[in-house]
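Listed here are the chains, written in short residue letters.
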Amino acid sequence: MDRVSSFDEPLLKLLGGATAKVMAEHLGLHTVGDLLHHYPRRYEERGKLTALADLPLDEHVTVVAQVADARILMFNNGRGKRLEVTLTDGSGRLQLVFFGHGVHKPHKELIPGRQAMFAGKVSVFNRKMQLAHPTYQLLDASDADEATEAVDAFAGRLLPIYPACKQLDSWRIAKAVDAVLPSARDAVDPLPASLREGRGFTPLPEALLKVHRPQTKADVEDARARLKWDEAFVLQVALARRRYADTQLPAVARRPVAGGLLDAFDAKLPFTLTEGQEKVSKEIFDDLATEHPMHRLLQGEVGSGKTMVALRAMLTVVDAGGQAAMLAPTEVLAQQHHRSITEMMGELAEGGMLGGSDRGTKVVLLTGSMGMAARRQALLDLVTGEAGIVIGTHALIEDKVRFHDLGLVVVDEQHRFGVEQRDALRSKGKQPPHLLVMTATPIPRTVAMTVFGDLETSVLDQLPAGRSPIASHVVPAKDKPHFLSRAWERVREEVENGHQAYVVCPRIGDDAEEVEGKGGKKAKAKKAAPEEDGDKRPPLAVLEIADELRKGALAGLSVEVLHGRMHPDDKDDVMRRFAAGDVDVLVATTVIEVGVNVPNATAMVIMDADRFGVSQLHQLRGRVGRGSAPGLCLLVSEAHEASPARARLSAVAATLDGFELSRIDLEQRREGDVLGQAQSGVRSSLRMLTVIDDEEVIAAAREEAVAVVAADPELEHLPELRTVLAALLDKDREEYLDKG
């Protein structure tokens, strides 16, 4: 068998159907290589007991502990039987419970003094932490001979604890790893020999053996250092190649023109730009003036003035004879951008029209739901060059959309767009247009370097004058129902003071099976399994909550709904009336997450807030406090006080700093989520490297990767690195790297 194919061997061949099926469906492991890269999360030492005092609620855990007590209790007048086992480790106690026919085997085996490894989901019963029906593996044996053997087998040995799932425990994964471990010697080493030797790294086959079956803690450190470098380096080479390919593309330089549209626009601004806006604008103008395509990420807090910076870049391109397109993730947001940009530009947005400025241009909107006549006119304005600026949704990417001379593409909310969509729009220019990507989800520097490594980064971290602070509080609806009543009183007080409020819910509610996804897209709601979701109820819904509020807590106020399945005209109508102040309270899904700008809205109540991510909550909160009055954001949750979900909400309530929150968000998410969709096309996520903790590794790997690609762009002299890169990319998209 050759070196590559042993890693590509399907697990089905080696492990048997049932185990391979669970690994594929629940852990995403399909091949020998996948399993060898499924590293232990941590290691237990023989004889060392884990701290039971620190167990996280609602999570699957593996503990090594000693049985302190075991007894059978009868219930249901003697018809039912349950076995209660108490574990101890000196730091705390944990109860195990087994019911019915499941009590016989553990009752015989789990006797006081016995030590074992236990796995299950931590829950609370009668204020005590417990594992119900855990699986377990004894670490000692009953007779003296077996006990001696067991001690020999485990003494001083580090027991790997693998990321597991309900269907497959850590020790079963360990047995499967034993079966594939001989293949580790066939590992293809991606690091160039000079780099490997220069940094004194362990060879890759040895690192894989050491990470799965370490003899000492030094083995673990050795292996981790090596495997982290592999991940960082291969990813940075992929990004460096993409950046290099971009510098080889031609683009039309778009230089500012004195006395043009931009100067006329700047002259009529009622305020001065912040220092940050000036600095970032200069970076963008410098890029636009070069003859290869700009690739820049513009990140900044909600309300830091990104749209203003992007508009000035678009006006520069129009001055230089080109066209600019702004791509928004939803129709609501495209309409909002179109409205705010035409208002900011005034008569400058009415080029060629009666009353328009002779220096002006046409600003058109293009969305999927427009009427035929308006759509035809917009398409005509684009192909003739009459329209210098177009704002639209995915409709801009369709085949029939043609531009006269597309010079700049601005993508709002990058995480909503895949690489292919970015590419489809860029292919509409005669030469590749310049690209500006905006995101309101602040990204720590290392994450930007890893996830958006193909883009130069600009950061707007000052808020313009006039933005108000937002007070945020967690409302524990289950523990303290009177807090929720007080939340609705606060909404009423805001309205009585002449302001407006949002109420956000995770679900629409006209179909119990649907939850509104990002950008108003429909997504099937996953039915929460009892093991996954203690409260079992579906997420709260817009239509139901709006109805309850109209009849109850907010009776007499004007309460309207907004969600992604409404007809676009109805959505626009509701938004217009809310912006005009005719609607007191807007009950909505996350369609309001980005771009909606109503300065008079001062309060937001987010229902089931624990069902949203940290950055999403931060985005939503950014909709209030946009005027001179202070903002209020109430995060309503039924999550248990000790749960990770509540910890997340408390973190959001404690800070308004988006960069700090994105850091917390990353620390709380699992390893594989870091790259998310921004790296769509890249199959392997980070397994060993944590972007937040390994900043130095990432920075060093980036430097090495840039040097390698500069010396050998096609990696002709590094066939192993080429092989590993090919495996990193989805088979269907091998040209992915060349796109960016």
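Residues numbered from 1 in each chain as written. Predicted model: local features only at pLDDT ≥ 70, side-chain atom pairs only at ≥ 80, totals over all residues. Heavy atoms only, no water.

Caption draft 1: Layout of the packing of helix H14 (residues 331-345) against helix H20 (residues 568-579). Contact geometry for H14 and H20: axes closest at 10 Å, N-to-C directions at 50 degrees. Classified by the angle their axes make, H14 and H20 are oblique. Crossing handedness for the pair H14 and H20: right-handed. Of the residues in H20, those in contact with Glu331, Val332, Gln335, Gln336 and Arg339 of H14 are Pro568, Lys571, Asp572, Met575 and Arg576. Its residues assigned to classes, the contact of H14 with H20 shows three nonpolar, two polar and five charged. (Axes fitted to C-alpha atoms, helices over the stretch in contact; angles between N-to-C directions. Helix = DSSP H or I, 4+ residues; strand = E, 2+ residues; numbered from the N terminus. Parallel < 35°, antiparallel > 145°, perpendicular 65-115°, else oblique. Left-handed = near helix turned anticlockwise from the far one by under 90°. Contact = heavy atoms within 4.5 Å. Nonpolar A, V, L, I, M, F, W, Y, C, P; charged D, E, K, R; others polar.)

Caption draft 2: Quick look at the sheet that holds strand E14 (residues 434-439). An order of E11-E12-E10-E13-E14-E9-E15 is seen for the seven strands of this open sheet, with the pairing classed as parallel. The sheet terminates laterally at strand E11 (362-366) and strand E15 (456-460), the two strands that pair on one side only. Strand-to-strand twist in this sheet, taken as the mean axis angle between neighbours without regard to direction, amounts to 20 degrees. In the packing of helix H15 (residues 372-384) onto the sheet, contacts are made with strand E10 (323-327), E11 and strand E12 (387-392), and the angle to E11 comes to roughly 130 degrees. (Pairing = 2+ DSSP bridges.)

Caption draft 3: Molecular detail of the confidence of the model for the protein chain. Mean pLDDT over the protein chain works out to 81, with 81% of the residues at or above the 70 mark. Highest mean pLDDT in the protein chain belongs to strand E17 (residues 500-504) (95); lowest belongs to helix H26 (residues 736-739) (38). Taken as a whole, residues 512-535 scores under 50 in pLDDT and shows 49 contacts with residues more than four places along the chain or in a different chain. (pLDDT = per-residue confidence, 0-100.)

Caption draft 4: Inspection of the sheet that holds strand E23 (residues 631-637) at higher detail. As summarised here, the arrangement of the six strands in space is E16-E23-E22-E17-E21-E20, forming an open sheet in which the pairing is parallel. A single partner strand is all that each edge strand has here, and the edge strands are strand E16 (470-476) and strand E20 (559-562). Adjacent strand axes in the sheet meet at a mean angle of 20 degrees, parallel and antiparallel pairs treated alike. On the sheet, H20 packs against E17, E20, strand E21 (585-588) and strand E22 (601-606) and is oriented at approximately 135 degrees with respect to E20.

Caption draft 5: Here's a closer look at H15. For H15, spanning 13 residues, the distance from its first C-alpha to its last is 18 Å, which sits close to the expected 18 Å at 1.5 Å a residue. For H15, the set of buried residues is Arg375, Ala378, Leu379, Asp381 and Leu382. Down the axis, H15 shows its buried residues gathered within 160 degrees of arc, on one side only. Turned more than 90 degrees away from the buried face of H15 sit Met372, Ala373 and Arg376, all of them exposed. On its buried face, H15 is in contact with E10, E11 and E12. Backbone geometry just after H15 places Gly385 at a positive phi near 90 degrees. (Expected span 1.5 Å × (residues − 1). Buried < 20%, exposed > 50% of the residue type's maximum accessible area, 1.4 Å probe, protein only. Arc of directions from axis to C-beta.)

Caption draft 6: Structural context of H20. The first and last C-alpha atoms of H20 sit 16 Å apart over 12 residues, in line with the 16 Å expected at 1.5 Å per residue. Restricting attention to buried positions, one finds in H20 the residues Pro568, Lys571, Asp572, Val574, Met575 and Phe578. End-on, the buried residues of H20 take up no more than an arc of 160 degrees, which puts them together on one face. Check the buried side of H20 and you find it contacts H14, E17, E20, E21 and E22. Positive backbone phi, at 90 degrees, marks Gly581, one or two positions downstream of H20.

Caption draft 7: Focus on the environment of Gln115. By the element assignment, Gln115 lies in strand E5 (residues 115-125). Note on Gln115: relative accessible area 11%, which makes it buried. Linking Gln115 and Ala65, residues 50 residues apart in sequence, is a C-alpha distance of 5.7 Å.

Caption draft 8: Representation of the pattern of salt bridges within the structure. Tallying each qualifying case throughout the model produces 33 salt bridges. In this structure, Asp286 and Lys282 form a salt bridge, with 2.8 Å as the shortest nitrogen-oxygen distance. In this pair, Asp286 and Lys282 both sit in helix H12 (residues 275-288), four residues apart, roughly one turn of the helix. Exposure remark for Asp286: the relative accessible area of 40% places this residue in the partly exposed category. By relative accessible area, which is 52% here, Lys282 ends up exposed. (Salt bridge = Lys/Arg side-chain N within 4 Å of Asp/Glu carboxyl O.)

Caption draft 9: The side chain of Ser637, seen in detail. Inspection of the secondary structure assignment puts Ser637 in strand E23. Residue class for Ser637 comes out buried when judged on its relative accessible area of 1%. Sequence-distant contacts of Ser637, that is, excluding residues within four places in its chain, are made with Val475, Pro476, Ala477, Lys478, Asp610, Arg646 and Leu649.

Caption draft 10: Molecular detail of the packing of aromatic side chains. Per the stated rule, a full pass over the model turns up five aromatic pairs. With centroids separated by 5.6 Å and ring planes inclined at 50 degrees, the aromatic side chains of Phe201 and Trp229 adopt a geometry described as tilted. One end of the pair, Phe201, is in the loop between helix H8 (193-198) and helix H9 (204-212); the other, Trp229, is in helix H10 (residues 217-247), and 28 residues separate them in sequence. On the basis of relative accessible area, Phe201 is assigned to the buried category, the value being 17%. What makes Trp229 buried here is its relative accessible area of 6%. (Phe/Tyr/Trp six-rings, centres within 6.5 Å; stacked < 30°, edge-to-face > 60°.)

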